[in-house]
Structure formats: C-alpha cells, structure tokens
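So you can see what is in the structure, the chains are spelled out below.
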Amino acid sequence: MAEKKVGGAGLRGQSAGETALCTVGKSGTGLTYRGYDMTELAENAKFEEVAYLLAYNKLPNQAELDQYIAKIKSLRGLPDALKTVLENIPADAHPMDVIRTGCSMLGNLEEEKDFSEQTDKIDRMVAVFPSIICYWYKFSHEGVRIETATDDDSVGGHFLHMLRGEKPNDVHTAVMSASLILYAEHEFNASTFAARVCASTLSDIHSCVTGAIGTLRGPLHGGANEAAMEMIQDWKSPDEAEEKMMEMLKRKEKIMGFGHAVYTVSDPRNAVIKKWSEKLAADVGDTTLYPVSVRCEEVMWREKKLFCNADFFHASAYHFMGIPTKLFTPIFVMSRVTGWTAHIMEQRSNNRIIRPNADYVGPDPRPVPPIEDRD
Ligand SMILES: CC(=O)SCCNC(=O)CCNC(=O)[C@H](O)C(C)(C)COP(=O)(O)OP(=O)(O)OC[C@H]1O[C@@H](n2cnc3c(N)ncnc32)[C@H](O)[C@@H]1OP(=O)(O)O
Ligand SMILES: O=C([O-])CC(=O)C(=O)O
C-alpha cells in the first residue's frame, strides 16, 4: 500500500492524546495490550484474563482469575424491565441497535451514580452484553424466553450456549476466546475515541459505551465483518470470487474487511483468526468459503497491496460455527467493551474536555436578509 497521507481529513496520523493501554502498528510486536503481545495472549490466555488486564491493570493470578470469573458468572441475569424492552424490539431490528438500546436501558436501571462504581459497572457490562443479545435474538426469532444465567466459565462459551441451547465444544470455546482477545482493544480507533470524547465531558459510563456501540456499527469499522460475509457468501468458487472482486475494483468499490487506518503492511490479528478459520473449515468439511476467502486475500494484495484486517477471516470463522451473520458485530461489542471502558477510566483519571478547533471554510460574515427577500 502507498505511504499513508497524514493529517487532514480523518485526523490521520495525528496524536490525539496519550494512552498506556495499547500500541498499534509499532514495529516488532504490532499490537500490544498494556505491553503484552496480542498474539501471545491469543495463544496462551483466556479472554477473561485480558478483560481483567484491561480493567484492573494487571494479568490476574489464578486466585484473582477464579474470583473474576465467579463474579462475571453471577452478573449474567437481566432485570425484568430490560427483558420487557428487549421483547418489544422487532425481529428485523439490527442487533447492533438492540445492544445499543440494551446498554442505554441498563444505564437507566443501574445508573453509575459515582465514578467509584466504574469497575463494578464494567464487570456488569462484560457479563450481561451476551445475555442482552441472545435474549432478544431467541425471543424475537423463536419466541423463546431463554435463561441467561448459565454456568459457563467463559464469556464466549456463555454466548454460544445461549444461542444454541447447548454447551459448545472445546474448539468453539477456544475460537471464541481467541476472537474476543483479538477484538478487545485497539488504541484510538473511531469507537474508542467516541467513548473518550463522551467520557471527557464527565458523563456516565453507559452513555460513553452507548455512543461507542453506535460508532462501531458502521461498515467502515466493526460492521465490516458482516459486510464481508454478505459479499463472499454467494461466491461458489475462488475463480468466481476473483472475477467479482476484479469487477468491484474496476468500479472503485470499497471491499469490506481490507485495509486499515494505521497498519500499512498487515493486521497482526488476521494471521490468528485465519488459522482458526482454516481449522474450522476442515472440521465442517468446507471446500468453498475458506478457499474463496483465501483467493480474495490474494487478489487484494496483488491488485492493491491491501491486506485483510481483523474482520475478513472472522466472517468465515463465525459462519463455520453457525453464528448468524447479523450477530457478528455484536460479538465485537462483547469484546471491545473491555477496551472502551479501560479508555474511559484512563480518560477520567487525567481529564481535560476533548474539544478541538475546526478550519472554517464557510461564507464571510453577511447580513441576515428579511424573510421576504430570501429564495
Ligand atoms: C476492526 C476494524 O474496524 S478494521 C476496519 C474495518 N473496515 C473495513 O474493512 C472497511 C474497508 N476498509 C476501508 O474502508 C479503509 O481501508 C479504512 C476505513 C479501514 C481505512 O481508511 P483510510 O485510512 O482512509 O484508508 P487509506 O488512506 O489507507 O486508503 C488508501 C487508498 O486505498 C483505498 N482503499 C482502502 N481500503 C480499501 C478497501 N477496503 N477496498 C478498496 N479500496 C480501499 C482507498 O480508497 C484509498 O484510495 P485513494 O487513495 O484512491 O482514495
Ligand atoms: O483501529 C482502527 O481504526 C480500527 C480497528 O482495527 C479496531 O478498532 O479494531
């Protein structure tokens, strides 16, 4: 890919503040959470360890992890008033709108009255977001009121259990854990920045996260995993995929799941999720979607020097686990809530309201004409 243009539109390449949470695209390790390499975490840790690291600023020892998991498990229940709201959202609503509303409603029912409550509110959101998504999905699509308080130790296992009505196998639990680790934190991406802007006004934590969810929803950000799936699902062979992609490139269309605002050579999360996608493809006997995805990757690199970002191989990996496409981005929320809330705490700990200037490009000062003289 060509050298990135810095400055100007999109604030590209400019520093907008300090963080001790994450590095993105630095030479060597690529992506680190509080100094730990993301790939190493995805290989050796559970998502709950990373969630703890982001919230409590240390990797937990065994006793701390056990206590944290027990706390998360105890916080999965939904208040009746929230269930009622979820039951009133139609089946054709977008699940990102559902989780946005769910988070906002939670803020009404369990308001953060003082910042000293922030870590408890964070643990509650980590525990309850999968419940919100699955409760609405099962009620609106199957008319079933599910029990959301499962005894699964992991957030990803809890999610798959509620979705399928049975405990997932070890491979699927491991894929979910790795996936949630990959998505957990990414410095000043758009949704995190939105959360920090909101936090900088000293607003409550549910407002900050609600705004972040709305920002993640778009196809240029978290929504790209769903958009990528919708693009590749009908292609029946790698040759057809290549032909269709070449047509899209000729029409100068954006291809979802490729490119990045910061990385220039590769997104280190892709290697991890691609490997899981390959394994899941073999497990389900897929001979189409994975080879189609690999061809897309080859074509984009050959034609545009654009690489897969975190989202592209998530599409096939989630699909192989039987997850409905429209739930892909809400899974991102289940994970990124840990990063957003760590940034909210960091912003609060050294706050100044975020309020940049704008370069004015409008008309020179002019008189207000009487209404009868206007076009
Ligand atoms: C988890 C995440 O949020 S990762 C991002 C998920 N988003 C996507 O996958 C959406 C598709 N990708 C994109 O739209 C972009 O690559 C973004 C939004 C991620 C980054 O945007 P930018 O930093 O503005 O892109 P960048 O400056 O690198 O673009 C350089 C050139 O490549 C083109 N380009 C970038 N991404 C793509 C793409 N996916 N498909 C086709 N062309 C692309 C741009 O149009 C631009 O062309 P131009 O110079 O002729 O205008
Ligand atoms: O950093 C970004 O701009 C987008 C991204 O990859 C993420 O939020 O995970």
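Residues numbered from 1 in each chain as written. Chains lettered and ligands numbered in written order. Predicted model: local features only at pLDDT ≥ 70, side-chain atom pairs only at ≥ 80, totals over all residues. Heavy atoms only, no water.

1. As for the overall build of the protein
Of the regular secondary structure elements, the protein holds 16 helices and 3 strands. Taken over C-alpha atoms, the radius of gyration comes to 22 Å for the protein, in line with the 21 Å a tight globule of 375 residues would show. When its C-alpha atoms are laid out on the principal axes, the protein stretches across 70 × 55 × 50 Å. In the protein, buried positions account for 50% of the 375 residues. Within the protein, contacts between residues at least 6 apart in sequence are counted, and of these 76% link residues at least 24 apart. Split by element, the accessible area of the protein, about 17800 Å² in all, is 51% carbon and sulfur. (Helix = DSSP H or I, 4+ residues; strand = E, 2+ residues; numbered from the N terminus. Rg over C-alpha atoms; globule rule 2.2 N^0.38 Å. Buried < 20%, exposed > 50% of the residue type's maximum accessible area, 1.4 Å probe, protein only. Contact = heavy atoms within 4.5 Å. Areas by Shrake-Rupley, 256 points an atom, 1.4 Å probe, with all protein chains shown as cover.)

2. Brief notes about the nonpolar core
Tyr33, Phe129, Phe159 and Ile323 are the most contacted members of the largest nonpolar core, which has 107 residues in total. For this core, the leading source of residues is helix 6 (residues 118–142), giving 12 residues. Looking at which domains feed residues into this core, each of domain 1 (22–219 + 324–349) and domain 2 (224–321) supplies at least three. If near-sequence neighbours (up to four positions away) are discounted, Phe129 is found in contact with Ile99, Cys103, Val209, Ile213, Val333, Met334 and Val337. (Core = buried A, V, L, I, M, F, W, Y, C linked by side-chain atoms within 4.5 Å. Domains from an automatic or database assignment.)

3. A short note on the state of the cysteines
Per the stated rule, a full pass over the model turns up 0 disulfides. With no disulfide of its own, Cys22 has Cys208 as its nearest cysteine by sulfur position, at a separation of 19 Å. The exposure class of Cys22 is buried, given its relative accessible area of 7%. The thiol of Cys296 is not disulfide-bonded; the next cysteine sulfur, from Cys308, is found 8.0 Å away. By relative accessible area, Cys296 is classed as buried at 0%. (Disulfide = S-S within 2.5 Å.)

4. What about the pairing of strand 2 (residues 30–33)?
Relative to strand 2, strand 1 (residues 22–26) runs antiparallel, the two being bridged by 4 bridges. Bridge pairing links Cys22 to Tyr33 in strand 2. Bridge count for strand 2 against strand 3 (residues 36–37) is 2 bridges, and the pairing is antiparallel. For Thr32, the partnering residue across the bridge sits in strand 3 and is Asp37. (Pairing = 2+ DSSP bridges.)

5. What about the site of ligand 2?
Surveying the vicinity of ligand 2 reveals the residues His186, Asn189, His221, His260, Arg269 and Arg336. In the environment of ligand 2, an oxygen atom lies 2.7 Å from a nitrogen or oxygen atom belonging to the side chain of His260. For the shell around ligand 2, the class distribution of residues is no nonpolar, 4 polar and 2 charged. (Near = heavy atom within 4 Å. Polar contact = N/O pair within 3.5 Å; in protein donor to acceptor, adjacent residues only side chain to side chain. Nonpolar A, V, L, I, M, F, W, Y, C, P; charged D, E, K, R; others polar.)

6. Focus on the domain arrangement of the protein
One can read the domain layout of the protein as domain 1 (22–219 + 324–349) and domain 2 (224–321). Summarising the inter-unit geometry, the C-alpha centres of domain 1 and domain 2 are found 25 Å apart. With both chains or domains summed, domain 1 and domain 2 bury close to 2200 Å², and 67% of this area falls on carbon and sulfur atoms. Considering only the side of domain 1, the residues that lose the most area to domain 2 are Leu182, Tyr183 and Phe328, jointly responsible for 27% of the buried surface there. Remark: the boundary between domain 1 and domain 2 carries 11 residue pairs in polar contact (both at pLDDT 80 or more). Those elements that provide at least two residues to the side of domain 1 that touches domain 2 are strand 1, strand 2, helix 1 (38–44), helix 8 (170–183) and helix 16 (328–349). Looking at the side of domain 1 that touches domain 2 element by element, the count peaks at 9 residues for helix 8. Residues belonging to the side of domain 1 that touches domain 2 are distributed by class as follows: 16 nonpolar, 10 polar and 4 charged. (Buried area = accessible area lost by both parts, 1.4 Å probe.)

7. Here's the deal with the side chain of Asp267
In this fold, Asp267 is placed in the loop between helix 12 (238–250) and helix 13 (268–284). At 2.8 Å, the side chain of Asp267 forms a polar contact with the side chain of Arg269. Ignoring any residue separated from it by four or fewer positions in sequence, one finds Asp267 in contact with His260, Phe307, Cys308, Asn309 and Ala310.

8. Let's talk about the UniProt feature "active site" (unreviewed entry) in the protein
As annotated in UniProt, the feature "active site" (unreviewed entry) corresponds to His260 and Asp311 in the numbering used here. Sequence-wise these annotated residues cover 52 residues; spatially they are packed, their C-alpha atoms never more than 10.6 Å apart. Here His260 shows up in the loop between helix 12 and helix 13. Not counting the four nearest positions on each side in its chain, Asp311 is found in contact with Tyr183, His221, Gly222, Ala224, Asn225, Gly257 and Phe332. (UniProt positions renumbered as here; feature names shortened; annotations may be inferred.)

9. Considerations on helix 11 (residues 224–232)
Of all 9 residues that make up helix 11, 8 are buried, and the element is covered over most of its length. If you check which residues of helix 11 are buried, you get Ala224, Asn225, Glu226, Ala227, Ala228, Met229, Met231 and Ile232. Considering only its buried residues, helix 11 is in contact with helix 8, helix 12, helix 14 (289–304), helix 15 (312–320) and helix 16.

10. So, unusual backbone geometry
Backbone geometry at Arg34 places phi at a positive 45°, although glycine is not the residue there. Position of Arg34 among the secondary structure elements: in the loop between strand 2 and strand 3. Its identity is not glycine, yet Glu187 carries a phi of approximately 55°, on the positive side. Its place among the elements puts Glu187 in the loop between helix 8 and helix 9 (190–199).

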